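Architecture and fold: a report
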Amino acid sequence: MAETLLIAEIEEAGYEASKPKIEHISLTVRSGVLTGLIGPNGAGKSTTLKAILGLLPDAKANIHFTGDSDRYAYVPEHPVFYDTLTLWEHLSLAAAVYGMDGQEFEREGGRLLERFRMSGVRDHLPGGFSKGMRQKMMLMIGFLLKPDVYIVDEPFIGLDPRATKEFLGLLEEELDRGAGVLMCTHVLDTAERICDDFVMMSDGQLAAGGTLDEIRLAAGLPGASLFDCFDVLT
């Protein structure tokens, strides 16, 4: 049975006191399991991730990382970077924060540059990158640590097919290693193909949860696609 790595119980959370955007959200992240956080725009998916990360000014939540450590990597939807640091310097800064030794960083950083075909811009400033290149930089920073838990917000936006393939390949390697992944996405055909289970949100609350078969049962649509279940449940 997969080990539970993260338990999130969110009574309510939002950006202003007494004005919750989400309520009664419960989810877990387990070892070797890719959980898709899905729902229409405005359903509260990104707010849920921010509540888990402790980034909201008003939240009543119990967030518990289990196991030997609370190491996690967060890959935001919108790339965040420093204008004066090169790609390699961003990776180096992340490695210093993570406490990686120099040899490990050189090896893992170089490997990620090659996987995402970014070696040629190693010493370039990300201000001149395309959105897809900036997104690849965010993914590289996340994969650098090899954490217990990945929390990823809309990773496919801006990625070309080759980068998407590399991302999914690395994700599969990390799941095989025993990491757990919580991934917010609206790309339902990809989610249906790669996710092990789902947390479906609508209007700031849980609409359904579980495996695809359990989602189908909740929607009353045996054998249906995730898209069709999504349409009924949200």
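Note that this is a predicted model, so its numbers are computed, not measured.

Here's the deal with the sheet that holds strand β8 (residues 197-202)
Within the open sheet, the six strands sit side by side as β5-β6-β7-β3-β8-β9. Their pairing is mixed. A strand with exactly one partner marks an edge of an open sheet, and here the two such strands are β5 (72-75) and β9 (205-210). Averaged over all pairs of adjacent strands, the angle between their axes in this sheet comes to 15 degrees, without regard to strand direction. Against the sheet, helix α8 (residues 226-233) contacts β3 (34-38), β8 and β9, and its axis sits at roughly 30 degrees relative to β8.

Observations regarding the packing of helix α3 (residues 102-115) against helix α4 (residues 131-145)
Packing of α3 against α4 brings their axes to within 10 Å, and their N-to-C directions diverge by 140 degrees. At the point where α3 passes α4, the crossing takes the right-handed sense. Between α3 and α4, the residues in contact are F105, E108, G109, L112 and L113 and M140, F143 and L144, respectively. Across the contact of α3 with α4, the residue classes break down as six nonpolar, one polar and one charged.

Regarding the pairing of strand β7 (residues 180-184)
Among the five residues of β7, five are classified as buried, and the element is accordingly described as predominantly covered. Here β7 shows a buried face lined by G180, L182 and C184 and a second buried face lined by V181 and M183. Across five bridges, strand β6 (residues 149-153) lies against β7 in parallel orientation. Bridging from a neighbouring strand, D153 pairs with C184 of β7. Traced from β6 through helix α5 (residues 161-177) to β7, the parallel crossover comes out right-handed.

Cut-off values and rules
- Residues numbered from 1 in each chain as written.
- Predicted model: local features only at pLDDT ≥ 70, side-chain atom pairs only at ≥ 80, totals over all residues.
- Heavy atoms only, no water.
- Pairing = 2+ DSSP bridges.
- Helix = DSSP H or I, 4+ residues; strand = E, 2+ residues; numbered from the N terminus.
- Axes fitted to C-alpha atoms, helices over the stretch in contact; angles between N-to-C directions.
- Contact = heavy atoms within 4.5 Å.
- Left-handed = near helix turned anticlockwise from the far one by under 90°.
- Nonpolar A, V, L, I, M, F, W, Y, C, P; charged D, E, K, R; others polar.
- Buried < 20%, exposed > 50% of the residue type's maximum accessible area, 1.4 Å probe, protein only.
- Right-handed = clockwise from strand over helix to strand, strands pointing away.

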